[in-house]
Amino acid sequence: MARVLITSAIPYINGIKHLGNLVGSQLPADLYARYMRARGHEVMFLCATDEHGTPAELAAAKAGKPVAEYCAEMWQVQKDLSDGFRLSFDHFGRSSSAQNRKLTQHFARVLDEAGLIAEVSETQMYSHADGRFLPDRYIEGTCPNCGFESARGDQCDNCTKQLNPVELINPRSTISGSTDLEMRETKHLHLRQSTMKDRLEEWIDSREGWPILTTSIAKKWLNDGDGLQDRGITRDLDWGVPVQKGDAPWPGMEGKVFYVWFDAPIEYIACAQEWVDAGKGEDWARWWRTDKGAEDVRYVQFMGKDNVPFHTLSFPVTILGSGEPWKLVDYIKSFNYLNYDGGQFSTSRGRGVFMDQALEILPSDYWRWWLLSHAPENSDSEFTWENFQASVNKDLADVLGNFVSRVTKFCRSKFGEAVPEGGAYGPQEDALMAELTRRLGAYQGHMEAIEIRKAATELRAMWAAGNEYLQDAAPWAAFKEDPARAAAIVRLSLNLIRLYTVLSAPFVPDAAAALRTAMACDDAWPTDVESALNALPAGHGFSVPENLFRKITDEEREGWQAQFAGVRD
RNA sequence: GGGCCUGUAGCUCAAUUGGUUAGAGCAGAGCGCUCAUAACGCUUUGGUUGCGGGUUCAAGUCCUGCCGGGCCUACCA
């Protein structure tokens, strides 16, 4: 038995996430966590909300609520949705927790003591009307390069030229529209990542089998231009972790907070502490401290490609730079983006399906299956309603669901609701077992390697193998001349249902649970196919389950297409 | 501008890392079955691997030049 620590990139608190966000980190992380648990490994699966930063403050203001209250409410909303999608976090924490505050301040202190923090005086745009410093993206103005009137302070969306806010003509706040802006001097802490460039590169080069997406993004940041740049890790905001050196004040940094990308990854660790404080476990350190039992932990992170620099560079600098024995990530699984029907998901335009809407129209298993079997592992992928309807109807309803239905109903009508006895397995059963043995090996290999689409393909092939076997063995024909033979076929097929239940649970946990209840069976992962297909003995009672999956009609599909198309420009 | 990824059947994707005749699923066509959610099975149509050069005994795979799509480019998170 191994121990596996799994974290999903933590979703930002500001609003409900769409299906692209879900499939980019939380959902594949859950698949892996469920699989590893099923294989008997000890798993710690952590996620949280990322609550700090300007967007949270603005969203709270828009909602007319104090930011702490807004975040508490949105945390509950996201928690309920993750429960709805059956995301099996051992704990769903909050980056605003007391544990994270303390730990973030601790890391700041030890990094400072290690000489990795620099105090830098810089000038930033301050808005009098808004009463705050503005991030570059919150300033708009006319592009000095092309004349585009809605250029952002960091880059012009029209000519793509990178800008500095002071270069904008007629700059204004995108929050209030105010033009009462001035460049003000302010002091900030920088994390001296540049000093650790070689060490980071050596570490990344020594990793084997990482997705090319992960390493190529990391290498780009390490070697682009002048190489890895230092990064500001503080902000002039109210909402965040106050800048302190551990428990002590940080002279000159009063009233400032740490930047979200400094404290958010630290929440991975703090989340385990929250898990303990919530009474869910005893010892967080054996997952996170290599001096306290974590040296044999395998730590796997899941994230969208936009998060890769922070997980391959900034956070490792925090961990390594501390000089303390914190567990460093072993494998980083990154994802491309899921697009929606020819374009991007868009929160502002209401385009695409969001987590709450998805659960309102169909159970989570339908989404889990489609999203995971189409996970954007190699390139951006695309959600279309036609594809979704076809996959769900064919894979889930016809191939898996109907197999369960035909077997259980045939047995009920001919033998009653118990595994029939008599007859023997023969060459057809041998051939089926040989195929399933081969495919099970492939399935497990893909799951270990986190090759999600390939795993889904193999799982589906095992479902299809059941239908092929049934057609070939034809128990309805055998029953007329040799009922004992038909009994053997049905006995094997019922055992096949149990096997599917176990193997499918990481993808479609609710359907698996329903089947486990109907078959009155356990969920032990198979050691070998032959014994797995003898797990349910003759006489074992079961009940015919309701249809596992319904089909999506053309009318529904058309309705949803219109409903989620978003407002036109 | 720079960098990275990507382009394979109508659609979604494979191809053991340079090795036999480029394979699956869906959709289409034909046949079969009747246990089942009009489900299932079998057979089958469909390809100048974006385009042009090059290296090699051998290229979807490597090099090069075009064309298309996407992402990143460090103060959104």
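About the thresholds
Residues numbered from 1 in each chain as written. Chains lettered and ligands numbered in written order. Predicted model: local features only at pLDDT ≥ 70, side-chain atom pairs only at ≥ 80, totals over all residues. Heavy atoms only, no water. Helix = DSSP H or I, 4+ residues; strand = E, 2+ residues; numbered from the N terminus. Rg over C-alpha atoms; globule rule 2.2 N^0.38 Å. Buried < 20%, exposed > 50% of the residue type's maximum accessible area, 1.4 Å probe, protein only. Contact = heavy atoms within 4.5 Å. Areas by Shrake-Rupley, 256 points an atom, 1.4 Å probe, with all protein chains shown as cover. Lys, Arg positive; Asp, Glu negative; His and termini not counted. Charge placed at Lys NZ, Arg CZ, Asp CG, Glu CD. Core = buried A, V, L, I, M, F, W, Y, C linked by side-chain atoms within 4.5 Å. Pairing = 2+ DSSP bridges. Polar contact = N/O pair within 3.5 Å; in protein donor to acceptor, adjacent residues only side chain to side chain. Near = heavy atom within 4 Å. Nonpolar A, V, L, I, M, F, W, Y, C, P; charged D, E, K, R; others polar. Domains from an automatic or database assignment. Buried area = accessible area lost by both parts, 1.4 Å probe. Salt bridge = Lys/Arg side-chain N within 4 Å of Asp/Glu carboxyl O. Phe/Tyr/Trp six-rings, centres within 6.5 Å; stacked < 30°, edge-to-face > 60°. Lys NZ or Arg CZ within 6 Å of the ring centre and 35° of its normal. Axes fitted to C-alpha atoms, helices over the stretch in contact; angles between N-to-C directions. Parallel < 35°, antiparallel > 145°, perpendicular 65-115°, else oblique. Right-handed = clockwise from strand over helix to strand, strands pointing away.

Q: Kindly report on the overall build of chain A, identifying the contributing residues and their values.
A: If you tally the helices and strands in chain A, you get 19 helices and 18 strands. Taking 569 residues into account, the globule formula puts the C-alpha radius of gyration at 25 Å, and chain A, at 27 Å, falls close to it. Once the C-alpha set of chain A is aligned to its principal axes, its extents read approximately 90 × 55 × 40 Å. Out of the 569 residues in chain A, the part that is buried amounts to 56%. Long-range contacts, defined here as pairs at least 24 residues apart, represent 77% of the contacts in chain A between residues at least 6 apart. For chain A, the accessible area works out to roughly 23200 Å², and carbon and sulfur atoms hold 46% of it. Counting 60 positive and 81 negative side-chain charges, chain A places the averaged centre of each group 2 Å from the other.

Q: Quick rundown of the nonpolar core? Include the residues and the values.
A: If you look at the biggest cluster of nonpolar residues, it comprises 169 residues, and the most contacted ones within it are Leu19, Trp288, Trp367, Trp385, Phe388, Tyr443 and Phe507. Among residues more than four places away in sequence, those in contact with tryptophan 367 are Leu19, Phe85, Val353, Ala358, Leu359, Ile361, Leu362, Phe383, Trp385 and Phe388. With 9 residues, the next largest nonpolar core counts Met125, Cys156, Leu163 and Leu168 among its residues.

Q: Account for the sheet that holds strand S9 (residues 181-191), naming residues and giving values.
A: Taken in spatial order, the 4 strands make up an open sheet running S5-S4-S9-S10, and their pairing is antiparallel. Unpaired on one side and paired on the other, strand S5 (132-133) and strand S10 (231-232) mark the two borders of the sheet. Across 2 bridges, S9 lies against S10 in antiparallel orientation. By the bridge assignment, leucine 191 is partnered in S10 with arginine 231.

Q: Which residues make up the environment of asparagine 336, and what are the values?
A: Along the chain, the position of asparagine 336 falls in the loop between strand S16 (331-335) and strand S17 (338-340). Ignoring anything within four residues of it in the chain, the contact list for asparagine 336 reads Leu213, Lys305, Pro376, Glu377, Asn378, Ser379 and Asp380. One polar contact links asparagine 336 to lysine 305, side chain to side chain, over a distance of 2.9 Å.

Q: So what's going on with the protein's contact with RNA strand B? Residues and values would help.
A: Lining the immediate environment of RNA strand B, one finds 56 residues, of which Gln124, Arg137, Asn378, Asp380 and Asn402 sit closest. Measuring from a sugar or linking oxygen of RNA strand B, one finds a side-chain N or O atom of aspartate 50 at 2.8 Å. In this structure, a base nitrogen belonging to RNA strand B sits 2.7 Å away from a side-chain N or O atom of glutamate 122. Sorting the residues of the surface near RNA strand B by element identifies helix H2 (54-63), strand S4 (117-127), helix H6 (212-223), helix H7 (260-277), helix H12 (385-414) and helix H14 (452-473) as the ones contributing at least two each. Among the elements that line the surface near RNA strand B, the one with the most residues is H12, at 11 residues. Split by residue class, the surface near RNA strand B holds 17 nonpolar, 18 polar and 21 charged.

Q: How would you summarise the domain arrangement of chain A if you had to cite specific residues and measurements?
A: Under the domain assignment used here, chain A contains domain 1 (3-111 + 260-364 + 378-382), domain 2 (117-196 + 208-232) and domain 3 (384-532). Contact residues are listed per partner, giving 22 residues for domain 1 and 16 residues for domain 3. Of the roughly 1800 Å² buried between domain 1 and domain 3 on both sides combined, carbon and sulfur atoms contribute 63%. Put simply, domain 1 and domain 3 have 2 salt bridges between them. Note that arginine 86 is salt-bridged to aspartate 510, the shortest N-O span being 2.8 Å. Listing elements by their share of the side of domain 1 that touches domain 3, those giving two or more residues are helix H1 (19-38), strand S15 (297-304) and S16. Considering only residue class, the side of domain 1 that touches domain 3 consists of 14 nonpolar, 2 polar and 6 charged.

Q: Outline the packing of aromatic side chains, listing residues and values.
A: Enumeration according to the criterion identifies 31 aromatic pairs in this entry. Look at tyrosine 366 and phenylalanine 549: their rings are 5.6 Å apart centre to centre, the planes differ by 75°, and that puts the pair in the edge-to-face class. Remark: phenylalanine 549 occurs in the loop between helix H18 (529-532) and helix H19 (554-563) and tyrosine 366 occurs in helix H11 (residues 364-373); sequence separation between them is 183 residues. A relative accessible area of 7% places phenylalanine 549 in the buried class. Stacked on the ring of tryptophan 250, the Lys or Arg lysine 245 has its end atom at 4.8 Å from the ring centre.

Q: Give me the lowdown on the packing of H7 against helix H9 (residues 308-321), citing residues and values where you can.
A: Relative to each other, H7 and H9 sit at 75°, their axes nearing to 10 Å. As judged from the angle between their axes, H7 and H9 are roughly perpendicular. Here Trp261, Phe262, Pro265, Ile266, Tyr268 and Ile269 of H7 come into contact with H9, specifically with Phe310, His311, Phe315, Thr318 and Ile319. Among the residues making up the contact of H7 with H9, the classes are represented as 9 nonpolar, 2 polar and no charged.

Q: If you had to explain the pairing of S15 to someone new, which residues and values would you point to?
A: Most of S15 sits out of view: 7 of its 8 residues are buried. Across 6 bridges, the pairing between strand S1 (residues 3-8) and S15 is parallel. Bridging from a neighbouring strand, threonine 7 pairs with glutamine 301 of S15. Pairing of S15 with S16, which is carried by 5 bridges, proceeds in the parallel orientation. Across the sheet, residue methionine 303 finds its bridge partner in S16, namely serine 334. Remark: the S15/H9/S16 crossover connection has right-handed handedness.

Q: Tell me about the sheet that holds strand S6 (residues 139-142), and name the residues and values.
A: To summarise the sheet geometry, strands pair through backbone hydrogen bonds and adopt either a parallel or an antiparallel arrangement. Spatially, 3 strands are ordered S7-S6-S8 in an open sheet, and the strand pairing comes out antiparallel. One side of each edge strand has no neighbouring strand; the edge strands of this open sheet are strand S7 (151-152) and strand S8 (169-173). Two elements, S6 and S7, share 2 bridges in a ladder whose sense is antiparallel. By the bridge assignment, glycine 141 is partnered in S7 with alanine 151.

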